[in-house]
Amino acid sequence: MSQLLAGDGLLIAETVPVDVDERVQVHVADGRGASGSAFPWARLGTPALLRHARRAGWRPDGQWTADGRSFLALRNRRTSSAAEPPNSTAVTSSQRDRNPSPDRPVADR
C-alpha cells in the first residue's frame, strides 16, 4: 500500500469488530455458473489489522464505527501529514438511488 499512496496518503480500511485474521482464495461468480480467476482475500478484525500494520511500518491515525461497521485509518510511519482526521460521520452507503428492478435502469425513473 505504501507504493500506491502518495507520501501523505491516508489508508482507510473496513474491519470486522472482533479479532479475526483469515486469508482465503476467492473468485467472483456471475450467478450462471461461470466464475473468474481466484484471487487472495483477507478478513481482518481491528486488533489483527493493527498488529500487521505496526509490523509493516504503519501507525494508527483514527478508529471509528458507523452503522455497525468498523473502520481504521492508517499512515505510513515514514510520512507525516497535516490532513484532517477521519470524519466521525462517514458516509456508509451509496448516494445513488437503489435499483429494485434489474431490468430497468435507475436513470429511467
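Here's what I pulled together on the structure shown here. (Residues numbered from 1 in each chain as written. Predicted model: local features only at pLDDT ≥ 70, side-chain atom pairs only at ≥ 80, totals over all residues. Heavy atoms only, no water.)

**Observations concerning the side chain of Thr46**
Turning to step 1, where the next piece is worked out: Summarising the element assignment, Thr46 is placed in helix 1 (residues 46-55).
Turning to step 2, where the next piece is worked out: A distance of 2.6 Å separates a polar atom in the side chain of Thr46 from a polar atom in the side chain of Thr15.
Turning to step 3, where the next piece is worked out: The contacts of Thr46, once residues within four sequence positions are left out, are Thr15, Val16, Val18, Gln63, Ser70 and Leu72. (Helix = DSSP H or I, 4+ residues; strand = E, 2+ residues; numbered from the N terminus. Polar contact = N/O pair within 3.5 Å; in protein donor to acceptor, adjacent residues only side chain to side chain. Contact = heavy atoms within 4.5 Å.)

**Remarks on the layout of surface pockets**
Turning to step 1, where the next piece is worked out: A volume near 410 Å³ is recorded for the largest pocket.
Turning to step 2, where the next piece is worked out: Surrounding the largest pocket, 17 residues form its lining, Leu11, Ala13, Leu44, Leu49 and Leu74 being those nearest its centre.
Turning to step 3, where the next piece is worked out: Of all the secondary structure elements, the ones that give two or more residues to the lining of the largest pocket are strand 1 (11-15), strand 3 (39-44) and helix 1.
Turning to step 4, where the next piece is worked out: Ranked by the residues each element gives to the lining of the largest pocket, the list is headed by strand 1, at 5 residues. (1 Å grid on protein atoms, 1.4 Å probe; cavity = no way out; pocket = protein on both sides within 12 Å on 5 of 7 lines; lining within 4 Å. Points joined across faces, edges and corners; volume = space filled by probe spheres on them.)

**Some details on the sheet that holds strand 1**
Turning to step 1, where the next piece is worked out: Spatial ordering of the open sheet is given by 1-5-4, a layout of 3 strands whose pairing is antiparallel. Two strands lie at the open edges of the sheet, namely strand 1 and strand 4 (58-66), each paired on one side alone. Each adjacent strand pair in this sheet contributes to an overall mean axis angle of 25 degrees, direction not counted.
Turning to step 2, where the next piece is worked out: Here helix 1 sits on the sheet in contact with strand 1, strand 4 and strand 5 (69-76), set at roughly 10 degrees to strand 5. (Pairing = 2+ DSSP bridges. Axes fitted to C-alpha atoms, helices over the stretch in contact; angles between N-to-C directions.)

**Focus on the nonpolar core**
Turning to step 1, where the next piece is worked out: The biggest cluster of nonpolar side chains holds 10 residues, and these are Leu11, Ala13, Leu44, Ala48, Leu49, Leu50, Ala53, Trp58, Leu72 and Leu74.
Turning to step 2, where the next piece is worked out: Those elements that place two or more of their residues in this core are strand 1, helix 1 and strand 5.
Turning to step 3, where the next piece is worked out: Take this core: its biggest share by element is 4 residues, from helix 1.
Turning to step 4, where the next piece is worked out: Each residue touching Leu74, except ones within four places of it in the same chain, is listed here: Gly9, Leu10, Leu11, Leu49, Leu50, Ala53, Trp58, Arg59, Pro60 and Asp61. (Core = buried A, V, L, I, M, F, W, Y, C linked by side-chain atoms within 4.5 Å. Buried < 20%, exposed > 50% of the residue type's maximum accessible area, 1.4 Å probe, protein only.)

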